[in-house]
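Observations on the model geometry
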Amino acid sequence: MSKKWLNIVYKEKNPNRLKKHYKQWADDYDNDLQAWGYAYPKKIKQILSKHIQIKKNSRILDAGCGTGYVAETLIDLNYKNLVGIDYSKDMLEIARSKKIYKKLICQSLSKKTTMKSAQFDLVICTGVLTSGHVGPSAIRELLRVTKPKGYLILSISETIFSKLKFKDELEKRDSEYQYVHLTKPFIALPNHNDSARSRMHTLQKK
Ligand SMILES: C[S@@+](CC[C@H](N)C(=O)[O-])C[C@H]1O[C@@H](n2cnc3c(N)ncnc32)[C@H](O)[C@@H]1O
C-alpha cells in the first residue's frame, strides 16, 4: 500500500497526467481504499435502505466508476442493471474483469457524453466531483441522463463545495431537482491522514 496516491490524484490539475496516475494506481486501488476504510459504499447502502426506494432491476449509472469498488456494494444488494463510465481505460479494465457491469463506457464526464438522455433510474458518483477530477459542469450531464423522478447520489467534498462552485451549479439548477437527503459531513477515508470530509447529496430529478 502506498499512501501517496491520494495526494497525487487530488492535487493533479492536468487531466492527462491524472489519467496516467490512475493507470499506475489501478492495480492497488481496491486494496488501498479498503485499507483506508472507504466510507462511500456504506453511505450508499444507507441511502438506498433509508432514503430512496428503487426497484432491484433499476438501471443505474456509476459515473466515474473506476475499478467498480462501489458498484460491488450495489451487486451485494442485488442491483444488477449497472452501467459504468470512466475516462481511464486502466481503471475500467479492472472494473471489466469483475463482470458486474452490463456496459462500460470510456469517456470523460467533463464534457457532454454520447449517453442517451433520461435513461437511468439512479446515478451514483463517488470520489469524482472533486479537485483535479470532474468539475461542477458534470452535474448538468448527470441530470441529463437521469430519468424524470430518478435519483442522483453524489459525493462532494466539503472543502471544494463552495470553492470550486459546486454549490453555485446546484443552486443554478435547483428547478431541475429536489433534495431528498443530505448527510452530515463525514471523513471519506478514516484511516488516511489526508482524507477530505465529504457529504452525500441525494437528489431527485423533477
Ligand atoms: C477516486 S476514483 C473513484 C472511483 C469510484 N467512483 C469509487 O468510488 O471507487 C476517481 C475516478 O474518477 C475518474 N475520472 C477522473 N476524471 C474523470 C473524467 N474527466 N471523466 C470521467 N472519469 C474521470 C478516474 O479515472 C477515477 O476512476
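These lines cover the structure that appears in this document, whether it is placed above or below. Residue indices follow the written sequence of each chain, beginning from 1 at its first position. Two thresholds apply to this predicted model, a pLDDT of at least 70 for residue-level local features and 80 or more for giving and counting side-chain atom pairs, whereas whole-chain, interface and lining totals are computed over all residues.

Some details on the overall build of the protein chain
Our working rule: To qualify as a helix, a DSSP run of H or I must reach at least 4 residues; to qualify as a strand, a run of E must reach at least 2; elements of each kind are numbered from the N terminus. Atoms counted for the radius of gyration: C-alpha only. Globule rule: 2.2 Å times the number of residues to the power 0.38. Counts of 20 or more other C-beta atoms within 10 Å of a residue's own C-beta define buried residues, counts of 12 or fewer define exposed ones, and intermediate counts define partly exposed ones; C-beta atoms are placed from the backbone.
Along the backbone of the protein chain there are eight helices and eight strands. Computed over C-alpha atoms, the radius of gyration of the protein chain comes to 16 Å, within 12% of the 17 Å expected from 2.2 N^0.38 for 206 residues, which places it in the range of a compact globule. Looking at the protein chain residue by residue over its 206 residues, the buried ones come to 37%.

So, the packing of helix 1 (residues 4-11) against helix 2 (residues 15-35)
Put simply, the test is: In this description, a line fitted to the C-alpha atoms serves as the axis of each element, helices being fitted only across the stretch in contact, and the angle between N-to-C directions of two axes falls anywhere from 0 to 180 degrees. Crossing handedness is defined as follows: a turn of the near helix away from the far one that is anticlockwise and smaller than a right angle gives a left-handed crossing, while the clockwise case is right-handed. Note that contacts rest on C-beta atoms placed from the backbone: two residues are in contact if these are within 7 Å. Charged means Asp, Glu, Lys or Arg here, nonpolar means Ala, Val, Leu, Ile, Met, Phe, Trp, Tyr, Cys or Pro, and polar covers whatever is left, Gly included.
At a closest axis distance of 10 Å, the pairing of helix 1 and helix 2 adopts a crossing angle of 145°. The two elements helix 1 and helix 2 meet at a crossing, and its hand is left-handed. Contact residues: Trp-5, Ile-8 and Val-9 in helix 1; Leu-18, His-21, Trp-25 and Asp-32 in helix 2. Of the residues contributing to the contact of helix 1 with helix 2, the split by class is five nonpolar, one polar and one charged.

So, the packing of helix 2 against helix 5 (residues 89-97)
Relative orientation and spacing of two packed helices are given, respectively, by the angle between their axes and the distance between those axes. Which entries qualify depends on this criterion: The labels follow the angle: roughly parallel below 35 degrees, roughly antiparallel above 145, roughly perpendicular from 65 to 115, and oblique for the rest.
Put simply, helix 2 and helix 5 touch, their axes get as near as 7 Å, and they point 25° apart. The angle between helix 2 and helix 5 falls in the class roughly parallel. Here Tyr-22, Lys-23 and Ala-26 of helix 2 lie close against helix 5, whose contacting residues are Asp-90, Met-91 and Ile-94. Its residues assigned to classes, the contact of helix 2 with helix 5 comprises four nonpolar, no polar and two charged.

Note that every value here comes from positions in space, so none of it alone points to a role or purpose.
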